[in-house]
Amino acid sequence: MDRLHVVIVGAGFGGLAAARELADAPVDVTLVDQNNFHTFQPLLYQVATSGLASADVAYPVRGSAARQENLAFRQATVIGADLDARVLHLQHPEHEVEDLTYDHLVVAAGATTNTFGIPGVDHHGFPLYNLADAVRLRNHVLERFEAADADPSLMDDGALTFVVVGGGPTGVEVAGALTELFQVVLRKDFRQLDVDRARVVLVEMQDQLLGPFSPVSQAHAREALTQRGVEVRTGVQVARVRANRVTLADGEELAAHTLVWAAGVKANPIGAALGLRTGRAGRIEVGPDLAVSDHPGVWAIGDVAAIVDGRGRDGTLLPQLAPVAIQSGRHVARQICCVAAGQAPPRSPFRYRDKGTMATIGRSRAVAELPFGIRLRGFPAWLAWLGLHLLMLAGFRNRISVFANWFWNWLTYDRGPRLIFRSRPRADD
Ligand SMILES: Cc1cc2nc3c(=O)[nH]c(=O)nc-3n(C[C@H](O)[C@H](O)[C@H](O)COP(=O)(O)OP(=O)(O)OC[C@H]3O[C@@H](n4cnc5c(N)ncnc54)[C@H](O)[C@@H]3O)c2cc1C
């Protein structure tokens, strides 16, 4: 019997987990991603706030492919498909289009930023969803300090006011890390500048931060951020954004050159491009076994999939988190392994094992809510957060590098990669 060809779209947490689970199966796997690297999104905020270098949170996919005999990689963007003929249409970076046939297609293309149509956010806001976003934000933050150093009157215009929108883990982490960067590092770098005038304002439309956490953790996060100088505004939305002004729904206008958008995600639009049925927030509808109905051999996993929580909560979708993506990727791979072994697909339902959630609040502070009702706060939670993230990082080199950077930053109150770095296009580009 010919070997099955499994094509996985997306080398994120879900796609890589599926590919690895298929390592010993009698199948050929092709992983397709628009980038030639996997991004560790949970640490993007540290790149944006000069805590880590880009290479620390990215891992070349060909590194995985080189170690797995049945795995090949294609750098291309998936732009469509003929699902009846089992053909995927790819667009290569150099503009050629390629048709790739498959027996099984695993869609693992993740999510993207949702700005909810708020005027000005798309144009003036700084999202934090990929590595390019993180480097762009880092450049901008450092440039604002350089500009204010050259012309301190710009501070009155909001050059050093940073509005972070979204009180979930990403917003809390960004706000905490920005204040730490200003107070601990940039204060020393910009000795002539009144760095005390730098403001971080965290805006959240709900009445509390960290929505899915317990009230105790929410209160701890708020208190820790406030102690560090973050101005926390809850129960208010952003209504409009301009280059140097952020208008809140209650009419308040903040003079600010920077708005970091950490307020929402929606599924990658690939579902519609492939002609698959999508539901809430554009997520691809899947059955309990993560198969896409009406299209045999097509599966969807991770952030892009509308996976109903099978733990009895009627109709609730699982959250868009890395462990969901990893576990769903492994689940689909195991179903495909059965088909490859000549068995009928077991069609077993996916059961998510919740291992808890965590968020850091700057140096040595965090909240963690783990299984069996274990709740940690402060330094122990921060150590748990460090350990878990080191374990989850792809690549041994990255783990060593991140650990060394964290240790250095913690010991010296310093930050290494505070570089304003732009690549200039070649004349013939
Ligand atoms: C800033 C931030 C912080 C986060 N922090 C945490 C955290 O602390 N803990 C946690 O559990 N989760 C966290 N998450 C969520 C977590 O990162 C996601 O749930 C997880 O990455 C989802 O995995 P995935 O495989 O579904 O998608 P992704 O990891 O997003 O991977 C999708 C891949 O598909 C590729 N792709 C997209 N479209 C195409 C296309 N058309 N053609 C080819 N390739 C394509 C992308 O380049 C990408 O590599 C965070 C997310 C963000 C943005």
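What you are looking at is a predicted structure, and each value in this text was computed from that prediction instead of being measured. (Residues numbered from 1 in each chain as written. Predicted model: local features only at pLDDT ≥ 70, side-chain atom pairs only at ≥ 80, totals over all residues. Heavy atoms only, no water.)

A.B. asks: Could you clarify how one ought to interpret the domain arrangement of the protein in this entry?
C.D. replies: A common way to state how big an interface is: give the accessible area lost once the parts meet. When its domains are assigned, the protein resolves into domain 1 (4–113 + 265–340) and domain 2 (121–263). Between the C-alpha centres of domain 1 and domain 2 there is a distance of 32 Å. Contact with domain 1, which involves 19 residues of that partner, is made by 16 residues of domain 2. Approximately 1500 Å² of surface area, both sides summed, lies buried where domain 1 meets domain 2, with 69% of it carried by carbon and sulfur atoms. Counting the surface domain 1 buries against domain 2, the share from its top three residues, Tyr45, Ala48 and Thr49, is 36%. Our count for the contact surface shared by domain 1 and domain 2 stands at zero salt bridges. At the boundary of domain 1 with domain 2, the tally comes to two residue pairs in polar contact (both at pLDDT 80 or more). At the level of secondary structure, the elements contributing two or more residues to the side of domain 1 that touches domain 2 comprise β3 (37–39), α2 (44–48) and β10 (111–113). Per-element accounting of the side of domain 1 that touches domain 2 gives the leading share, four residues, to α2. Looking at the side of domain 1 that touches domain 2 residue by residue, the class counts come to eleven nonpolar, seven polar and one charged. (Domains from an automatic or database assignment. Contact = heavy atoms within 4.5 Å. Buried area = accessible area lost by both parts, 1.4 Å probe. Salt bridge = Lys/Arg side-chain N within 4 Å of Asp/Glu carboxyl O. Polar contact = N/O pair within 3.5 Å; in protein donor to acceptor, adjacent residues only side chain to side chain. Helix = DSSP H or I, 4+ residues; strand = E, 2+ residues; numbered from the N terminus. Nonpolar A, V, L, I, M, F, W, Y, C, P; charged D, E, K, R; others polar.)

A.B. asks: Is there a simple way to explain the packing of helix α10 (residues 378–392) against helix α11 (residues 396–412) in this structure?
C.D. replies: Packed helices, taken two at a time, are described by their axes: the angle between them and the distance between them. With their axes 9 Å apart at the nearest point, α10 and α11 run at an angle of 155 degrees to one another. By the angle between their axes, α10 is roughly antiparallel relative to α11. Seen along the crossing, α10 lies across α11 with a hand that is right-handed. For the pair formed by α10 and α11, the contact residues are Trp382, Trp385, Leu386, His389, Leu390 and Leu391 on the first element and Arg399, Val402, Phe403, Trp406 and Trp410 on the second. Of the residues in the contact of α10 with α11, the class split is nine nonpolar, one polar and one charged. (Axes fitted to C-alpha atoms, helices over the stretch in contact; angles between N-to-C directions. Parallel < 35°, antiparallel > 145°, perpendicular 65-115°, else oblique. Left-handed = near helix turned anticlockwise from the far one by under 90°.)

A.B. asks: Hey, could you run me through helix α7 (residues 215–227) in this one?
C.D. replies: Since the α-helix turns once every 3.6 residues, residues separated by three or four places project in the same direction. In this model, α7 (13 residues) spans 18 Å end to end at C-alpha, consistent with the 18 Å of a helix rising 1.5 Å per residue. Taken as a whole, α7 has its buried residues at Ser217, Gln218, His220, Ala221, Ala224 and Leu225. Along α7, the residues classed as buried sweep out an arc of 165 degrees about the axis, all on the same side. Residues of α7 that are exposed and point over 90 degrees away from its buried face: Pro215 and Gln227. As for α7, its buried residues are in contact with α6 (169–189), β13 (199–204), β14 (231–234), β24 (366–370), β25 (374–377) and α10. (Expected span 1.5 Å × (residues − 1). Buried < 20%, exposed > 50% of the residue type's maximum accessible area, 1.4 Å probe, protein only. Arc of directions from axis to C-beta.)

A.B. asks: For this particular structure, what's the right way to read the pairing of strand β23 (residues 357–360)?
C.D. replies: On any regular strand, side chains alternate: one points to one face of the sheet, the next to the other face. Pairing between β23 and β24: four bridges, direction antiparallel. Of the residues in β24, the one forming a bridge with methionine 358 is alanine 368. Where β23 hands over to β24, the hairpin turn is made up of five residues, of which glycine 362 adopts a positive phi near 80 degrees. (Pairing = 2+ DSSP bridges.)

A.B. asks: Where do I start with the nonpolar core in this structure?
C.D. replies: Across soluble globular proteins, nonpolar side chains have a tendency to be buried as a group. Phe145, Phe182 and Leu225 are the most contacted members of the largest nonpolar core, which has 66 residues in total. No other element matches α6, which puts nine residues into this core. Formed jointly, this core draws a minimum of three residues from each of two domains, domain 1 (4–113 + 265–340) and domain 2 (121–263). If sequence neighbours within four positions are ignored, leucine 225 has contacts with Val172, Ala175, Gly176, Leu202, Leu209, Val230, Val232 and Ile361. (Core = buried A, V, L, I, M, F, W, Y, C linked by side-chain atoms within 4.5 Å.)

A.B. asks: In this structure, what is going on with the sheet that holds strand β18 (residues 258–261)? I would like to understand it.
C.D. replies: The strands that make up a sheet pair up through hydrogen bonds in the backbone, lying either parallel or antiparallel. Spatial ordering of the open sheet is given by β11-β18-β12-β13-β14, a layout of five strands whose pairing is parallel. Two strands bound the open sheet, and with one partner strand each, they are β11 (126–127) and β14. Note: strand β12 (residues 161–165) against β18, four bridges, orientation parallel. Residue pairing in the sheet places valine 164 in a bridge with valine 260 of β18. On top of the sheet, α6 reaches β12, β13 and β18; it is set at about 170 degrees to β13, its chief contact.

A.B. asks: How do you make sense of the site of the ligand when you look at a structure like this?
C.D. replies: Around the ligand, 29 residues are found, and the nearest of them are Gly14, Asp33, Gln41, Val78 and Asp303. Interatomic distance of 2.6 Å between a side-chain N/O atom of glutamine 41 and an oxygen atom of the ligand. Contact distances for the ligand include 2.8 Å between an oxygen atom and a side-chain N or O atom of aspartate 303. Considered on its own, the ligand offers 1000 Å² of accessible surface; in the complex 89% of this is hidden by protein. Mapped by element, the contributors of at least two residues to the shell around the ligand are α1 (13–21), β6 (77–82) and α9 (322–340). If one sorts the elements of the shell around the ligand by residue count, α9 sits on top with three residues. (Near = heavy atom within 4 Å. Areas by Shrake-Rupley, 256 points an atom, 1.4 Å probe, with all protein chains shown as cover.)

A.B. asks: So what exactly am I meant to see when it comes to unusual backbone geometry here?
C.D. replies: With the exception of glycine, the majority of residues adopt a negative phi angle, and the majority of peptide bonds are in the trans configuration. Within the chain, leucine 210 stands out as a residue other than glycine whose phi angle is a positive 50 degrees. Checked against the element boundaries, leucine 210 lands in the loop between β13 and α7. Look at leucine 210 and you get buried, because its relative accessible area is 0%. With a phi close to 50 degrees, alanine 281 is a non-glycine residue in the positive phi region. Along the polypeptide, alanine 281 turns up in the loop between α8 (270–273) and β20 (284–285). Owing to a relative accessible area of 45%, alanine 281 belongs among the partly exposed residues under this scheme.

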